[in-house]
Every structure is written in C-alpha cells, then in structure tokens.
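A structural walkthrough
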Amino acid sequence: ALLEFNRLIFQRADQGRIVEDDVLDNELFRIRINQCAATFLTSLDMYQEYLSPNKATPPFSISADKFRDDRFGVCKAVRNYIQHVSTVGINISWGGSVCACGEKICSFSVSADAEEMKKNKDKLRESTWKSLSKYIDGKSEINLFEIFNGVVDVLFAIQKEVRASTEYAVEYQNHAQFLSKRKSIRYSKRQHR
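Since the model is a prediction, treat every value here as computed from it, not as a measurement. (Residues numbered from 1 in each chain as written. Predicted model: local features only at pLDDT ≥ 70, side-chain atom pairs only at ≥ 80, totals over all residues. Heavy atoms only, no water.)

**Quick look at the overall build of the chain**
Looking only at helices and strands, one finds 7 helices and 3 strands in the chain. Seen in sequence order, the chain has helices and strands lined up from the N terminus as α-α-α-β-β-α-α-β-α-α. Across the 193 residues of the chain, 35% fall into the buried class. Within the chain, contacts between residues separated by at least 24 positions form 72% of all contacts whose residues are at least 6 apart in sequence. (Helix = DSSP H or I, 4+ residues; strand = E, 2+ residues; numbered from the N terminus. Buried < 20%, exposed > 50% of the residue type's maximum accessible area, 1.4 Å probe, protein only. Contact = heavy atoms within 4.5 Å.)

**Notes on helix H6 (residues 144–164)**
Over its 21 residues, H6 runs 30 Å from end to end, which matches the ideal 30 Å to within 8%, given 1.5 Å per residue. For H6, every residue scored as buried is listed here: Leu144, Ile147, Phe148, Gly150, Val151, Val152, Val154, Leu155, Ile158 and Val162. The opening residue of H6 is asparagine 143, an N-cap whose side-chain oxygen sits 3.0 Å from the backbone nitrogen of phenylalanine 145. (Expected span 1.5 Å × (residues − 1). Polar contact = N/O pair within 3.5 Å; in protein donor to acceptor, adjacent residues only side chain to side chain.)

**Observations regarding empty space enclosed by the protein**
Per the counting criterion, the structure on display carries 1 cavity of 30 Å³ or more. Going through the elements one at a time, helix H2 (23–51) and helix H3 (70–84) are the ones with two or more residues in the lining of the largest cavity. (1 Å grid on protein atoms, 1.4 Å probe; cavity = no way out; pocket = protein on both sides within 12 Å on 5 of 7 lines; lining within 4 Å. Points joined across faces, edges and corners; volume = space filled by probe spheres on them.)

**Concerning the environment of aspartate 113**
Note that aspartate 113 resides in strand S2 (residues 104–113). The class for aspartate 113 is buried, based on a relative accessible area of 18%. Sequence separation between aspartate 113 and serine 140 is 27 residues; the distance between their C-alpha atoms is 6.4 Å. Side-chain polar atoms of aspartate 113 contact the backbone nitrogen of glutamate 116, separated by 3.1 Å.

**Brief notes about the confidence of the model for the chain**
For the chain, per-residue confidence averages 77 on the pLDDT scale, and 72% of positions sit at 70 or higher. Between the elements of the chain, mean pLDDT differs from a low of 62, seen in strand S1 (residues 90–98), to a high of 86, seen in helix H4 (residues 114–119). (pLDDT = per-residue confidence, 0-100.)

**Re the packing of aromatic side chains**
This model, assessed by the stated rule, comprises 2 aromatic pairs. Between the aromatic rings of phenylalanine 5 and phenylalanine 148, the centroid separation amounts to 4.9 Å while the plane-to-plane angle is 55°, which identifies the pairing as tilted. Of this pair, phenylalanine 5 sits in helix H1 (residues 2–16) while phenylalanine 148 sits in helix H6, and the two are 143 residues apart along the sequence. The same class applies to phenylalanine 5 as to phenylalanine 148, namely buried. Judged by centre distance (5.2 Å) and plane angle (45°), the ring pair of phenylalanine 40 and phenylalanine 148 falls under tilted. A residue pair is termed long-range when its members are at least 10 positions apart, and phenylalanine 40 in helix H2 and phenylalanine 148 in helix H6 qualify at 108 residues. With respect to burial, phenylalanine 40 and phenylalanine 148 carry one shared label: buried. (Phe/Tyr/Trp six-rings, centres within 6.5 Å; stacked < 30°, edge-to-face > 60°.)

**Structural notes on H2**
Spanning 29 residues, H2 covers 42 Å between terminal C-alpha atoms, matching the ideal 42 Å at 1.5 Å per step. Among all positions of H2, only Phe29, Arg30, Ile33, Asn34, Cys36, Ala37, Phe40, Leu41, Leu44, Asp45, Gln48 and Leu51 are buried. Just beyond H2, the residue with positive phi is serine 52, at close to 40°.

**Section: the side chain of asparagine 80**
Along the chain, asparagine 80 turns up in helix H3. Look at asparagine 80 and you get buried, because its relative accessible area is 16%. Asparagine 80 has contacts with Val85, Leu124 and Thr128, leaving out every residue within four places of it along the chain.

**A word on the layout of surface pockets**
What the largest pocket holds in volume is close to 160 Å³. Lining the largest pocket, in full, are Arg68, Asp69, Asp70, Gly73, Lys76, Ser131, Lys134 and Tyr135. At the level of secondary structure, the elements contributing two or more residues to the lining of the largest pocket comprise H3 and helix H5 (126–136). Tallied by class, residues from the lining of the largest pocket come to 1 nonpolar, 2 polar and 5 charged. (Nonpolar A, V, L, I, M, F, W, Y, C, P; charged D, E, K, R; others polar.)

As structure tokens, then:
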C-alpha cells in the first residue's frame, strides 16, 4: 500500500515536468492518494492490533513502547479522520524551473490540509479530535510522504524484534512443517495418478 502511495506521488511529479494538470486531474489524484493512504493506514493499524502489545499476553515478546512512537500516533489520527470524516485535503507543492528542452525540473510533495481538518472538528469524537489536534495544532499542513515513510522505519525495527522472538521461531517451524506435509501429500497424489 505504501509502495502504491509513493508510486502515485513520483508518477505525478514526473508528469508535472511536461504537463499542466487541471482541476479534474487534481481531484482524481486526491481520491487515488486518499485510497492508498487509507489502505496503508488500515494495514498499519491491523498490524499493530495483531501484535497486541496492550494485551496481557501478546503473541510476541516485544516492547509495547515501540508503538508509543508519535509516528504511529499521527498515522492513527489521520486514519480515524479518513474513516470517520472524509478524505484529507491534499496540498500539492510544486517547485521548479524550465529547462532548455521545455521540461521542468520540479520538487513535489503531498501534504494533508490541516486547516480543512480543523474545520471538521465537530464531526469527530472528542478523543479522536484530541489525538489529531496534537499533530495539527499550529500547522497548516502535515507532510504525508514524510509521516508514512517515517513510520516504516519503526515498523522495520518492530518486525526485526518479532522475527528474533522465540514465539516467531516456533510459529515458523509449525508453518514450515505444515507446508512440507502439504507438499508431500500433493507429490504422493501425483504419483498415484
């Protein structure tokens, strides 16, 4: 989901070198980028719930502190906004100059419009708004590209701990044995034909 989100941003920046977008193109981009953001954020939330660091007996022996990182907090807040209110307004920042061949050199970023989010405060539960406002107070926008790609750094560290856990080793062995048995059953059925 994050690869698709990033791909859309790079594709849009590449197109911006040679083509000027109109209002319809911008709105379609907003819809597509929100779809990718929602998919990524929901997957992230599901992964966190799967590891269940707040439950009495989590499936893996990892520290719950890892999920207290603000990068998870802002992702959860943005996800709740998209789920309960609306798509996030996208601010597209362009910067560039025209080359001799008519193409542009451009920088491109995608940020959620914090001002628009603030206008929808009454559509969120108080706890959800409190969480979101912590990340958007005093800001006109929040850079989604930086946030999403930043939280992946934390995910990699968590997944490294998961794979190093004894629970993972047991699960890996169980799955490997299961797959091995399935393969041998299939192989023996082919021989009988």
